[in-house]
Amino acid sequence: MTIGETGGMNSAGLIPTALTIAGSDSGGGAGIQADLKTFLGSRVHGMSAITAVTVQNSLGVSGFYELPPAAVAEQIESVVTDIGVDAAKTGMLASAAIIEAIAETLTRLDVRPLVVDPVAASQHGDALLRPDALEALRVLILPLATLATPNLGEVRLLTGITVTDDASARDAALALHALGPAAVLVKGGHRSGPDSVDLLYDGSSFVELSAPRTATDHTHGSGDTLAAATCAALARGLALVDAVRAGKAYVTGAVADSYPLGAGLGPVGHFWRVRPLD
Ligand code: PXL
């Protein structure tokens, strides 16, 4: 059996597995849909525990429907206890009750490594997390994270720090790390400059990851894709810093491969990972 020249098997000799715990994007660019495309492009078997179903297109999110917390927990338990999860990630978690159910299940079943993308709002600014759920995310989910991947808006919500330069990015990384994740990646995608510079901090050292920025508005799903590609790399057994480098390389390629759709913001692209080599 082969899963491609860059593929590999997990410690059980099987195709590595990754689980996304996140919301559905009916437009197909972000959320569960982005995560599963990224898992395919990263050559791992993707699985999903859906938290909420958003109603959205390229113009924004017009609403969302939450699943019952028990339904989210049961999806996780079902795949963990049979298929096994080499790595997991969280995205849109919607409510405090869903967060409580997820935290209990991940803890009880010892699901690790875990990438936490602390999604609060869409690119259009539409809320994807109830205001009363922010504290649950901070207290119950962040301490379980192997890696947390906030963008600058999420950094501000979680720590109160506005990142404007390298010094404030370091302050934010320290403040986020104090909330309990083993490592944090302060993403610089929303800063200005020719390069997109992210800052990784694991409690002892800082690593800057830089990649050329593509000038495009069509970056819907970029945060999800970075977190999912990092999760996939962890599922394949890479060490944290190598997994983050792999995640960054994937999202850089996906932003370069983005395309317009509808009348609003288009998604990052995944076709470059599945195009025939000829
Ligand atoms: O990109 C963050 C995100 C995560 N999950 C869902 C989303 C979005 C952004 O729109 O819709 C379901």
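Residues numbered from 1 in each chain as written. Predicted model: local features only at pLDDT ≥ 70, side-chain atom pairs only at ≥ 80, totals over all residues. Heavy atoms only, no water.

Let us look at the environment of Asp-202. Looking at where Asp-202 falls in the secondary structure, it is placed in the loop between strand E8 (195–201) and strand E9 (206–212). Counting along the chain gives 112 residues from Asp-202 to Thr-90, while the straight-line C-alpha distance between them is 19 Å. In this structure Asp-202 touches His-177, Ala-182 and Ala-183, once residues within four positions along its chain are discounted. Here Ser-204 takes part through its backbone nitrogen, which lies 2.9 Å from a polar atom of the side chain of Asp-202. Of the polar contacts made by the side chain of Asp-202, one reaches the backbone nitrogen of Ser-205; its length is 2.9 Å. (Helix = DSSP H or I, 4+ residues; strand = E, 2+ residues; numbered from the N terminus. Contact = heavy atoms within 4.5 Å. Polar contact = N/O pair within 3.5 Å; in protein donor to acceptor, adjacent residues only side chain to side chain.)

Further remarks concern the site of the ligand. The immediate surroundings of the ligand are formed by Gly-23, Ser-24, Ala-30, Gly-31, Thr-54, Gln-56, Met-92, Val-119, Ser-122, Leu-128, His-220 and Asp-224. Between the ligand and Gln-56, the relevant distance is 2.4 Å, taken from an oxygen atom to a side-chain nitrogen or oxygen of the residue. Here an oxygen atom of the ligand sits 2.6 Å away from a polar atom, N or O, in the side chain of Asp-224. Within the complex, 93% of the 310 Å² of free accessible area of the ligand lies under protein. The site holding the ligand turns out to be the largest pocket. Elements represented by at least two residues in the shell around the ligand include exactly strand E1 (17–25) and strand E2 (45–57). (Near = heavy atom within 4 Å. Areas by Shrake-Rupley, 256 points an atom, 1.4 Å probe, with all protein chains shown as cover. 1 Å grid on protein atoms, 1.4 Å probe; cavity = no way out; pocket = protein on both sides within 12 Å on 5 of 7 lines; lining within 4 Å. Sits in = over half its atoms within 2 Å of the grid points.)

Residues Leu-19, Ile-21, Ile-76 and Ile-102 are the most contacted members of the largest nonpolar core, which totals 47 residues. Considering every element that reaches this core, the biggest residue donor is helix H3 (residues 96–108), with six residues. Ile-102 has contacts with Ile-21, Thr-51, Val-72, Ile-76, Leu-93 and Ile-141, leaving out every residue within four places of it along the chain. Listed in part, the 26 residues of the second largest apolar core include Ala-183, Leu-200, Leu-209 and Ala-228. (Core = buried A, V, L, I, M, F, W, Y, C linked by side-chain atoms within 4.5 Å. Buried < 20%, exposed > 50% of the residue type's maximum accessible area, 1.4 Å probe, protein only.)

To continue, consider the packing of helix H2 (residues 69–82) against H3. Axis separation between H2 and H3 bottoms out at 8 Å; the angle between their running directions is 25 degrees. As summarised for this structure, H2 and H3 are arranged roughly parallel, according to the angle between their axes. Two packed elements cross with a definite hand, and for H2 against H3 that hand is right-handed. Residue-level inspection shows Pro-69, Val-72, Ala-73, Ile-76 and Glu-77 of H2 in contact with H3, the latter providing Ala-97, Ile-98, Ala-101, Ile-102, Thr-105, Leu-106 and Arg-108. The class makeup of the residues in the contact of H2 with H3 is nine nonpolar, one polar and two charged. (Axes fitted to C-alpha atoms, helices over the stretch in contact; angles between N-to-C directions. Parallel < 35°, antiparallel > 145°, perpendicular 65-115°, else oblique. Left-handed = near helix turned anticlockwise from the far one by under 90°. Nonpolar A, V, L, I, M, F, W, Y, C, P; charged D, E, K, R; others polar.)

Glancing now at the pattern of salt bridges. According to the stated counting rule, one finds nine salt bridges in the structure shown. The shortest N-O distance in the salt bridge between Asp-35 and Lys-89 comes to 2.9 Å. On the criterion of sequence distance, the pair formed by Asp-35 in helix H1 (residues 31–41) and Lys-89 in strand E4 (residues 87–90) is long-range, its members being 54 residues apart. Look at Asp-35 and you get buried, because its relative accessible area is 0%. A salt bridge links Asp-257 to Arg-275, with the shortest nitrogen-to-oxygen separation between them at 3.3 Å. Residue Asp-257 is located in the loop between helix H8 (240–256) and helix H9 (271–274), and its partner Arg-275 is located in the segment after H9; the two are separated by 18 residues in the primary sequence. (Salt bridge = Lys/Arg side-chain N within 4 Å of Asp/Glu carboxyl O.)

Another aspect to go through is empty space enclosed by the protein. Throughout the structure, instances matching the rule amount to one cavity of 30 Å³ or more. For the largest cavity, the calculated volume is near 40 Å³. Together, Asp-166, Ala-169, Arg-170, Arg-191, Val-197, Leu-199 and Glu-208 line the largest cavity. Taken together, the elements giving at least two residues each to the lining of the largest cavity come down to helix H6 (166–177) and E8. Among the elements that make up the lining of the largest cavity, the one with the highest residue count is H6 (three residues). Residues that form the lining of the largest cavity fall into these classes: three nonpolar, no polar and four charged. (Points joined across faces, edges and corners; volume = space filled by probe spheres on them.)

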